[in-house]
Amino acid sequence: MHRSVEGLTQKSVTRTTFIPQELFWPLLIGLSYLYSAVASLSLYRQEQDTPLFWFSNAIALFILLSRPLANWPTLLLTTALASLGAQLFALGDSASALIPLPAHLSEILVGALLLKRYCRPAPCVTQVEQFLRALLCGSLIPAAIGAGLFALMPATQGGVVPASPWLYWFAGHAIGSAAILPLGVLLLARGSNPLRALLKQPYTLLAITAVWALAGQASLQLDNAFIYISATLMLVAISGQFAGTAVTVLGCTLLLGRLISTGTLPHSSATGVDLLISFYPALVLTLLPPILLSCVLEQLNLASSRLTCDVTESRELAEKMAYMAHHDALTDLPNRMLFADRLAHACAAGQRRNHRFAVVFMDLDHFKRVNDSLGHGSGDKLLCEVARRLTSTLRASDTVCRLGGDEFVLLLEDVDSGEQAIRIVRKIVDSLSAPGRLDDLELVITASFGIALYPQDGQDADSLMKHADAAMYRSKRDGRNCIHLFSREDDDTALARLQLENDIRHGIQNREFVLHYQPIVDAESRRIVSVEALVRWYRPGQGFISPDHFIPVAEESGLILPLGEQLLEQACEQLLRWRGSELERVTIAVNASALQLKNLAFVHTVEQTLARYDLDGRQLELEITESTLMADPETILQTLQRLKMLRLSIAIDDFGTGYSSLGYLKRFPVDTVKIDRTFVRDMESDGNDRELIRAILAMSQSLGLGVIAEGVETEGQARILTEMGCPLLQGYLFAKPSDPESLLAFATSSRNDGDLNRPI
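The sections below set out a description of the structure shown in this document. (Residues numbered from 1 in each chain as written. Predicted model: local features only at pLDDT ≥ 70, side-chain atom pairs only at ≥ 80, totals over all residues. Heavy atoms only, no water.)

**Thoughts on the overall build of the protein chain**
Item 1. In terms of regular secondary structure, the protein chain is built from 31 helices and 16 strands.
Item 2. Residues counted as buried form 49% of the 760 residues belonging to the protein chain.
Item 3. Counted over contacts in the protein chain with a minimum sequence separation of 6, partners at least 24 positions apart contribute 70%.
Item 4. Carbon and sulfur atoms make up 56% of the accessible area of the protein chain, which amounts to about 36,200 Å² in all. (Helix = DSSP H or I, 4+ residues; strand = E, 2+ residues; numbered from the N terminus. Buried < 20%, exposed > 50% of the residue type's maximum accessible area, 1.4 Å probe, protein only. Contact = heavy atoms within 4.5 Å. Areas by Shrake-Rupley, 256 points an atom, 1.4 Å probe, with all protein chains shown as cover.)

Here it is, written out as structure tokens:
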């Protein structure tokens, strides 16, 4: 609270640049003390009285409190000089001027220390008990100590010794400091703002004027004049509260003091004990109750303000929580809850007024790559930019909602046809495709859209949302960056996909997925070196289902994780069963998806499985595609490095069809590349295919990588590949994928018969 007065004065100091900061406060306390002391002499002192400074000590006390403790010695020294000057002005004798100086300084210092130690300014304005404590510490105790020192001193030459020196000093200084005290604690607590606010309260100013007028008429010896003054002060306390009361009390004290000095105030001629009994108690009973009333009113006003503030804050908090409950925290777009409400209203309006509209699902293409490569912070920035472009493109009547992740849904009002909806969506496509920068990289945003129209594609919110979602998935299946209107075919496809996902889940639980194995042979000897594990789904009543039918759904749904773990278990178990047979030393190659390699638990799963079946990691090979490496290069690199520590080998499947790069072959711990069957298929007639294969072989040899040619179906292909130096071959020429028992029988019979070209 001290800082408010300090800040106020500092502001004036910076304006008065010609007075240095270190001189301003000493000058202020010195001049204030000197001026108030001289004014006290003219107000209160009759000719035969010893001079008293009713207000000066209290003014110096509160100036001390507004400054740091380190500045007090300088300020007290300045106060002492000002006190000497005032005494010289009153007495004209330097020796006599020194006599009351210790009493003045002790009163100031004791009052300042007591207030600083035991009273805080703010509660003194609003709490009666705190104000009374401040009155005791800042007025009564310092005045009593100063009066005691004054009573011990010899008489001054310029005045008459009072009949009761202690009472004479105490009464005057206690009343003067008590009059200054309310204004002092108010300035320390709240600065000058309450005083400026008084100027804007005409009724309070009128009440203050009335009190001063009554105090000035006390010389007319009105009956019970103090009662009238006190009653009018109560009105000031009610209207102007503490600030108005503080100003009025000080003004009344000044006026009554003037009447004392002129001898016109009733009882002002009393002395000694008579003065203590007749005049000062009446003055205290006149001025103190309005001050205490203003404290109570300030406390009530503060409680009311807090209650109002609490109610306002509660209302604002409720509004904020309601807003947050209906809006996305990242993009500030409506969320699923608010969109569902608006869509329900649109459906109701459509039924009543034949109102037409469209629901559009939008999914950003390859957004996951942004998160994986640039980080989630950059992904969030991209989502905010997409939200900004969507809201700036669409009409005010339309609604844009973020469902979560990179999925958005739009409610387009007043759309009568699919062609109109497509035109609006194309504007969105143009807006999104405008190049933009993200973390110093230029990005072009593309998205897949699905549109459902009311009422032909659905007459309720759930149907429209489901059908727009199905149309959007059709766009993604068609290659992304597409716009697709819902059709019943999409609905059937979506239902079929959902059913397939459920069937896959049940198939995993029922262990319907099995591994078939296709041998990989040495090109020269045609002996089996390793086998590739290929998943097959045996559905009761339907037979075996092709992996091309269920693997994409398993990867999209995340079911590839439990499925992959189950297949890894089967492969390791099969290696254990083949011990002591013709296939004892073969390596099994198991396909791994990007989801598995990005899963932090995958390496631990592999390690535990190998340990459970007591297998050497060299008997297991993981096959991954080039696109898998691109999914999250940093994470997958770490996973592959940890797998290599388990002594597993890594093969790149379908090499040459994806992101073929020498950089990746150098960076990732790859052991083998598998030439894709598309190059092998036409190599007998296509010279380009032969040259590509020859280049892959040369590159692999220079990098120290093994090579397997897939899809070998004819002797001509096998002969050419062998002549080129391809070490390992795989294809229907040697064996089709078969169950473990058939493969073992084939390997055993082939070895016994010496015919390694006989297919299974």
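**Section: a nonpolar patch on the surface**
Item 1. On the surface, Leu136, Leu140, Ile141 and Ile145 cluster together into a nonpolar patch covering about 280 Å² of accessible area.
Item 2. Here Leu136 lies in helix H8 (residues 128–151). (Patch = residues over 30% accessible without salt bridge, like charges linked within 9 Å, V, L, I, M, F, W, Y side chains within 5 Å. Salt bridge = Lys/Arg side-chain N within 4 Å of Asp/Glu carboxyl O.)

**Examining the nonpolar core**
Item 1. Counting residues in each nonpolar core, the largest one holds 80 residues, and the members touching the most others are Ile504, Leu643 and Leu729.
Item 2. In terms of residue count, the dominant contributor to this core is helix H22 (residues 560–577) (seven residues).
Item 3. Setting aside its immediate chain neighbours within four residues, Leu643 contacts Leu597, Phe602, Val603, Val606, Leu622 and Leu648. (Core = buried A, V, L, I, M, F, W, Y, C linked by side-chain atoms within 4.5 Å.)

**Focus on the pairing of strand E2 (residues 399–404)**
Item 1. Among the six residues in E2, five count as buried, and that is most of the element.
Item 2. As paired elements, E2 and strand E3 (residues 407–413) share five bridges and run antiparallel to each other. If you follow Arg402 over to E3, its bridge partner there is Phe408.
Item 3. Linkage of E2 to E3, two consecutive antiparallel strands, is achieved through a turn of two residues, within which Gly405 is found at a positive phi near 60°. (Pairing = 2+ DSSP bridges.)

**Examining the packing of aromatic side chains**
Item 1. Applying the stated rule across the entire model yields ten aromatic pairs.
Item 2. Both rings, one in Phe24 and one in Trp25, keep their centres 5.6 Å apart while their planes meet at 85°; by these two values the pair is edge-to-face. We note that Phe24, like Trp25, is buried.
Item 3. Three or more aromatic residues link up through ring pairs in this structure, and these residues are Phe513, Trp537 and Phe550.
Item 4. Looking at Arg117, its charged tip hangs above the ring of Tyr118, at a distance of 5.1 Å from the centre. (Phe/Tyr/Trp six-rings, centres within 6.5 Å; stacked < 30°, edge-to-face > 60°. Lys NZ or Arg CZ within 6 Å of the ring centre and 35° of its normal.)

**Digging into the pairing of strand E1 (residues 357–364)**
As a general feature of sheets, a regular strand has side chains that alternate between the two faces.
Item 1. With respect to burial, E1 is a largely interior element, eight of its eight residues being buried.
Item 2. Here E1 shows no split at all, with Phe357, Val359, Phe361 and Asp363 on one side and Ala358, Val360, Met362 and Leu364 on the other all buried.
Item 3. Bridge analysis of E1 against E3 gives seven bridges, and the strand direction is antiparallel. Paired with Met362 across the strands is Phe408, a residue of E3.
Item 4. Relative to strand E6 (residues 447–454), E1 runs antiparallel, the two sharing eight bridges. Bridging from a neighbouring strand, Asp363 pairs with Ser448 of E6.

**A look at the pattern of salt bridges**
Item 1. If you walk through the whole model with that rule in mind, you get 23 salt bridges.
Item 2. Among the salt bridges present, the one from Asp328 reaches Arg402, with a minimum N-O distance of 3.1 Å. Here Asp328, found in the loop between helix H14 (280–326) and helix H15 (336–353), pairs with Arg402, found in strand E2; they are 74 residues apart in sequence, far enough to count as distant.
Item 3. Accessibility expressed as a relative area gives 15% for Asp328, which makes it buried.
Item 4. One salt bridge in this structure joins Asp363 and Lys476, with 2.7 Å as the shortest N-O distance. Taken as a pair, Asp363 in strand E1 and Lys476 in helix H19 (residues 461–477) lie far apart in primary sequence, 113 residues in all. The same class applies to Asp363 and to Lys476, which are both buried.
Item 5. A single salt-bridge network, built from bridges that share partners, covers Arg497, Glu501, Arg505 and Glu556.

**Examining the environment of Glu22**
Item 1. In this structure, Glu22 sits in helix H2 (residues 21–44).
Item 2. Along the chain, Glu22 and Asn71 lie 49 residues apart, while their C-alpha atoms are 9.5 Å from each other.

**A short note on helix H21 (residues 547–557)**
Item 1. Within H21, burial applies to Pro547, Phe550, Val553 and Ala554. Projected onto a plane normal to the axis of H21, the buried residues spread over an arc of 155° and lie on a single side. Exposed residues lying more than 90 degrees from the buried face of H21 are Asp548 and Glu556.
Item 2. Positive backbone phi, at 85°, marks Gly558, one or two positions downstream of H21. (Arc of directions from axis to C-beta.)

**Observations concerning the environment of Leu561**
Item 1. By the secondary structure assignment, Leu561 is in helix H22.
Item 2. Distance in space between the C-alpha atoms of Leu561 and Leu595 is 7.1 Å, their sequence separation being 34 residues.
Item 3. Apart from residues no more than four positions distant in its own chain, Leu561 is found in contact with Leu595, Gln596 and Asn599.

**Here's the deal with helix H18 (residues 418–433)**
For an α-helix, 3.6 residues make a turn, and residues three or four places apart therefore share a direction.
Item 1. If you check H18, its first and last C-alpha atoms are 22 Å apart, about what 16 residues at 1.5 Å a residue would give, namely 22 Å.
Item 2. When H18 is considered as a whole, its buried residues turn out to be Gly418, Ala421, Ile424, Val425, Ile428, Ser431 and Leu432. In a view along the axis of H18, the buried residues occupy a sector of 140°, so they form one face of it. Away from its buried face, by an angle of more than 90 degrees, H18 presents the exposed residues Glu419, Arg423, Arg426, Lys427 and Asp430. (Expected span 1.5 Å × (residues − 1).)

**Points about the side chain of Arg526**
Item 1. Positionally, Arg526 belongs in the loop between strand E8 (513–522) and strand E9 (528–539).
Item 2. Among the residues examined, Arg526 registers a relative accessible area of 15% and is labelled buried.
Item 3. Here Glu715 takes part through its side chain, which lies 3.4 Å from a polar atom of the side chain of Arg526. (Polar contact = N/O pair within 3.5 Å; in protein donor to acceptor, adjacent residues only side chain to side chain.)

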